[in-house]
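If you want the building blocks of each chain, they are given just below.
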Amino acid sequence: MKPYHVQPHPAEVILDANESYDALPAALKERFARIMAAVPLNRYPDMRAARLREATAAKEGCEAAELLFGNGSDELIVALTAAYCDPGTKILVPTPTFTMYRQNALPFGVETVGVPTDDGWRPDVAAMVAAIEREAPKIVFLATPNNPTGTLLAVDEIAAMAEASRDTLVVVDEAYADFADDGPLGKLHDRWPNVVVMKTLSKIGFAALRLGYLIGEETIVDEVDKVRQPFNVNAVTQAVATEAMARWKEIAPLFAEVRSERERMIGALAGVRRVTVFPSQANFLLMRVDADAEAAFMGLVKAGVRVRWFAGTDRLGDCFRVTVGTAEENDAFMHALQTVLAT
Ligand code: PMP
């Protein structure tokens, strides 16, 4: 195995990690600061996260018992793998996708089967269904919108995979769903009991808190809960996230703002020579550069702009993934890219 280390080049414009820019209204930020200051640091956190559970259930329209919280959704990927996969079993993913599904499977001796997407990065659902029947994976991980391609899955595509085998758990990772034109899918386990939805606060302004959660059938949530560390979600995170869930309406304007900036960037980049920008439903854009990708990447770094370059990655070696930032940040990136590609 190789450790997951991303070498952070120093930059003023940071567009490499799909975070949100600092978008919270000042009054809300002050409120969060007061809430953090009031957390009793001498006590252990509530291991059931009762207040956060109630607030999240109200926001999601689900039962409190249908939720499981993690230290980021990264931890939930580990917990799902630990709970459902024995050594020698398999997980299934479309490729390319978020690398942590594969990375977290490795230490469990679990093999990752990848099914390539088409040239437009659309998952091949028929091939996925065939692979579910052939390989009997314990888990299928489906990010929608997908990282790093920005592509969205339709509910009937998810249903086809969920119905291919009731013995396979289908994890619908909605890390970026708030930025999709139609928003998140909502609860799916009422119709497909082997489907769990995974969410995170990381992309909408709270990456530092590390809070992810699963929404699923109680029996599945209970299985995953068995491998969870009791104090996995710290007290500061619980307190702030409880308030964030209750004040979702004040956070939500960000989503439309990002969508509109995303479309503005797609329009502008379509006119840039040697750049192919792919459509995206997330808070980032994937683009291919018809140039020396390393030189272009280093040119951007020199101009103070940090994006994600997938050096050496299958089908992505000449691609950058760029977070949608503030209008100023996006303009700085586009200006730098144009300059770098013109030389
Ligand atoms: N799922 C996807 C698709 C992601 O892109 C990421 C973050 N890169 C995560 C999950 C993990 O998010 P976190 O652990 O911050 O909740």
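The text that follows walks through the structure, step by step, so that each part is easy to find. (Residues numbered from 1 in each chain as written. Predicted model: local features only at pLDDT ≥ 70, side-chain atom pairs only at ≥ 80, totals over all residues. Heavy atoms only, no water.)

Moving on to the overall build of the protein chain. Along the backbone of the protein chain there are twelve helices and 13 strands. Against the 2.2 N^0.38 benchmark of 20 Å for 343 residues, the protein chain shows a C-alpha radius of gyration of 20 Å, consistent with a compact globule. Expressed as lengths along the three principal axes of its C-alpha atoms, the size of the protein chain is roughly 60 × 55 × 35 Å. Within the span of the protein chain, comprising 343 residues, buried residues form 52% of the whole. In the protein chain, the share of contacts with a sequence separation of at least 24, taken over all contacts with a separation of at least 6, comes to 73%. Mean positive and mean negative side-chain charge positions of the protein chain (35 and 47 charges, respectively) differ by 3 Å. (Helix = DSSP H or I, 4+ residues; strand = E, 2+ residues; numbered from the N terminus. Rg over C-alpha atoms; globule rule 2.2 N^0.38 Å. Buried < 20%, exposed > 50% of the residue type's maximum accessible area, 1.4 Å probe, protein only. Contact = heavy atoms within 4.5 Å. Lys, Arg positive; Asp, Glu negative; His and termini not counted. Charge placed at Lys NZ, Arg CZ, Asp CG, Glu CD.)

Among the structural elements, Thr117 can be located in the loop between strand E4 (111-116) and helix H5 (125-135). Apart from residues no more than four positions distant in its own chain, Thr117 is found in contact with Pro94, Thr95, Pro96, Arg122, Pro123 and Arg315.

What follows is about the sheet that holds strand E7 (residues 195-200). Across the sheet, which stays open at both edges, the seven strands sit in the order E2-E8-E7-E6-E5-E3-E4 with mixed pairing between neighbours. Here the strands that pair on one side only, and so sit at the sheet edges, are strand E2 (67-70) and E4. On average, adjacent strands in this sheet sit at an angle of 25° to one another, irrespective of strand direction. Two elements, E2 and strand E8 (residues 212-215), share four bridges in a ladder whose sense is antiparallel. Bridging from a neighbouring strand, Leu67 pairs with Ile215 of E8. (Pairing = 2+ DSSP bridges. Axes fitted to C-alpha atoms, helices over the stretch in contact; angles between N-to-C directions.)

Our focus in this paragraph is helix H2 (residues 50-60). The set of residues buried in H2 consists of Leu52, Arg53, Ala55, Thr56, Ala57 and Glu60. Looking at the buried positions of H2, the neighbouring elements they touch are E2, E7, E8 and helix H8 (235-246). Where H2 ends, the next residue or the one after it, Gly61, has phi of about 65°, a positive value.

Below, the discussion takes up the site of the ligand. By nearness alone, 14 residues border the ligand, and Asp173, Tyr176, Thr200, Ser202 and Arg210 come closest of all. The side chain of Lys203 places a nitrogen or oxygen atom 3.1 Å from a nitrogen atom of the ligand. Protein chains shield 91% of the accessible area of the ligand, which is 400 Å² for the free molecule. Broken down by element, the shell around the ligand gets its largest block of residues, three residues, from helix H3 (residues 72-84). Of the residues that constitute the shell around the ligand, the class distribution is five nonpolar, five polar and four charged. (Near = heavy atom within 4 Å. Polar contact = N/O pair within 3.5 Å; in protein donor to acceptor, adjacent residues only side chain to side chain. Areas by Shrake-Rupley, 256 points an atom, 1.4 Å probe, with all protein chains shown as cover. Nonpolar A, V, L, I, M, F, W, Y, C, P; charged D, E, K, R; others polar.)

The strand order across the open sheet formed by four strands is E9-E10-E13-E12, and the pairing between neighbours is antiparallel. Unpaired on one side and paired on the other, strand E9 (275-277) and strand E12 (308-309) mark the two borders of the sheet. Relative to strand E10 (residues 284-289), E9 runs antiparallel, the two sharing three bridges. Looking across to E10, one finds that Val275 is bridged to Val289. Seen against the sheet, helix H11 (residues 293-302) touches E10, E12 and strand E13 (319-323) and runs at an angle of roughly 25° to E13.

Another aspect to go through is the environment of Ala83. Here Ala83 is to be found in helix H3. What makes Ala83 partly exposed here is its relative accessible area of 27%. A sequence separation of 179 residues divides Ala83 from Arg262, and the C-alpha atoms of the two residues are 37 Å apart. Setting aside anything within four residues of it in sequence, one finds Ala83 in contact with Glu223, Val224 and Val227.

On the secondary structure map, Ile158 appears in helix H6 (residues 155-164). Distance from Ile158 to Ala17, taken between C-alpha atoms, is 26 Å for residues 141 residues apart in sequence. With sequence-adjacent residues up to four places away left out, Ile158 is seen in contact with Leu142, Thr144, Leu153, Val172, Leu185 and Leu188.

A separate point is a nonpolar patch on the surface. A surface patch of nonpolar side chains, amounting to about 350 Å² of accessible area, comprises Tyr44, Met47 and Phe231. Along the chain, Tyr44 turns up in the loop between helix H1 (26-37) and H2. (Patch = residues over 30% accessible without salt bridge, like charges linked within 9 Å, V, L, I, M, F, W, Y side chains within 5 Å. Salt bridge = Lys/Arg side-chain N within 4 Å of Asp/Glu carboxyl O.)

For H8, spanning twelve residues, the distance from its first C-alpha to its last is 17 Å, which sits close to the expected 16 Å at 1.5 Å a residue. Across the twelve residues that make up H8, a large majority, nine, are buried. Residues of H8 that are buried: Thr237, Gln238, Ala239, Val240, Ala241, Thr242, Glu243, Ala244 and Met245. Buried residues belonging to H8 abut H1, H2, E8 and helix H9 (248-251). (Expected span 1.5 Å × (residues − 1).)

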